[in-house]
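Each chain, letter by letter, is given below.
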Amino acid sequence: MKIRYIVALVIIVGFVIYGAVSLKTSLTPYVSFAEAKSSPQTVQVMGELEKSATRYDTTAGLLYFTLKDSHGEMLEVSYKGVRPGNFDQATQIVAIGNYRERVFQADQLLVKCPSKYQGEEVQTYKAEK
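Student: Lay out the sheet that holds strand β5 (residues 103-112) in plain terms, naming residues and giving numbers.
Tutor: The strand order around the closed barrel built from 5 strands is β1-β2-β3-β5-β4, with neighbouring strands paired in mixed fashion. Neighbour-to-neighbour, the strand axes of this sheet turn through a mean angle of 55°, independent of strand direction. The pairing of strand β1 (residues 43-57) with strand β2 (residues 62-68) spans 6 bridges and is antiparallel. Bridge assignment links R55 to a residue of β2, and that residue is Y64.

Here is the structure:
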């Protein structure tokens, strides 16, 4: 009877440790451009899109663009995949990936479109007495 409790406790502790390790490896922190350049792990960077420095290679399916952070630092980003539909309207982009070969190579992009965050005009009505 007591051995069952010990086995169950070992299994539960094993699952808790496995869950904690899995959670830690799946987290991708937001970092600055300088930190992204020196980090060996997958990270997230966010910046404003420099629209003049954007090009898309349709044959290779590669999107190249430049992000600018709030301090004015620039980061070249490449993304292999389909160009997001609202990319041209984007004001800020979050890129998730690694810095390799002098370019931040994004695996995922999150495009922030200003029209999606604009609220509808709020109409106020006065209650009639």
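Back to the write-up after that little detour.
Student: Which residues make up the side chain of S78, and what values go with them?
Tutor: For S78, the location among the structural elements is in strand β3 (residues 74-80). A relative accessible area of 11% places S78 in the buried class. With sequence-adjacent residues up to four places away left out, S78 is seen in contact with L63, Y64, V103, F104, Q105 and A106.

Student: Tell me about the pairing of β3, and please be specific about residues and values.
Tutor: The pairing of β2 with β3 spans 7 bridges and is antiparallel. In the sheet register, F65 faces β3, and the bridge partner there is V77. With 3 bridges connecting them, β3 and β5 associate as parallel partners. Bridge pairing in β5 links V77 to F104.

Student: Run through the nonpolar core, naming residues and quoting values.
Tutor: In terms of nonpolar packing, the biggest core is built from 20 residues, with V45, F65, V77, I93, F104 and L109 touching the most fellow members. The set of elements that each furnish at least two residues to this core consists of α2 (33-38), β1, β2, β3, β4 (92-100) and β5. With 4 residues, the top contributor of residues to this core is β5. Ignoring sequence-local partners within four residues, the contact set of L109 consists of L63, F65, Y79, P84, I93, V94 and A95.

What counts as what
- Residues numbered from 1 in each chain as written.
- Predicted model: local features only at pLDDT ≥ 70, side-chain atom pairs only at ≥ 80, totals over all residues.
- Heavy atoms only, no water.
- Pairing = 2+ DSSP bridges.
- Helix = DSSP H or I, 4+ residues; strand = E, 2+ residues; numbered from the N terminus.
- Axes fitted to C-alpha atoms, helices over the stretch in contact; angles between N-to-C directions.
- Buried < 20%, exposed > 50% of the residue type's maximum accessible area, 1.4 Å probe, protein only.
- Contact = heavy atoms within 4.5 Å.
- Core = buried A, V, L, I, M, F, W, Y, C linked by side-chain atoms within 4.5 Å.

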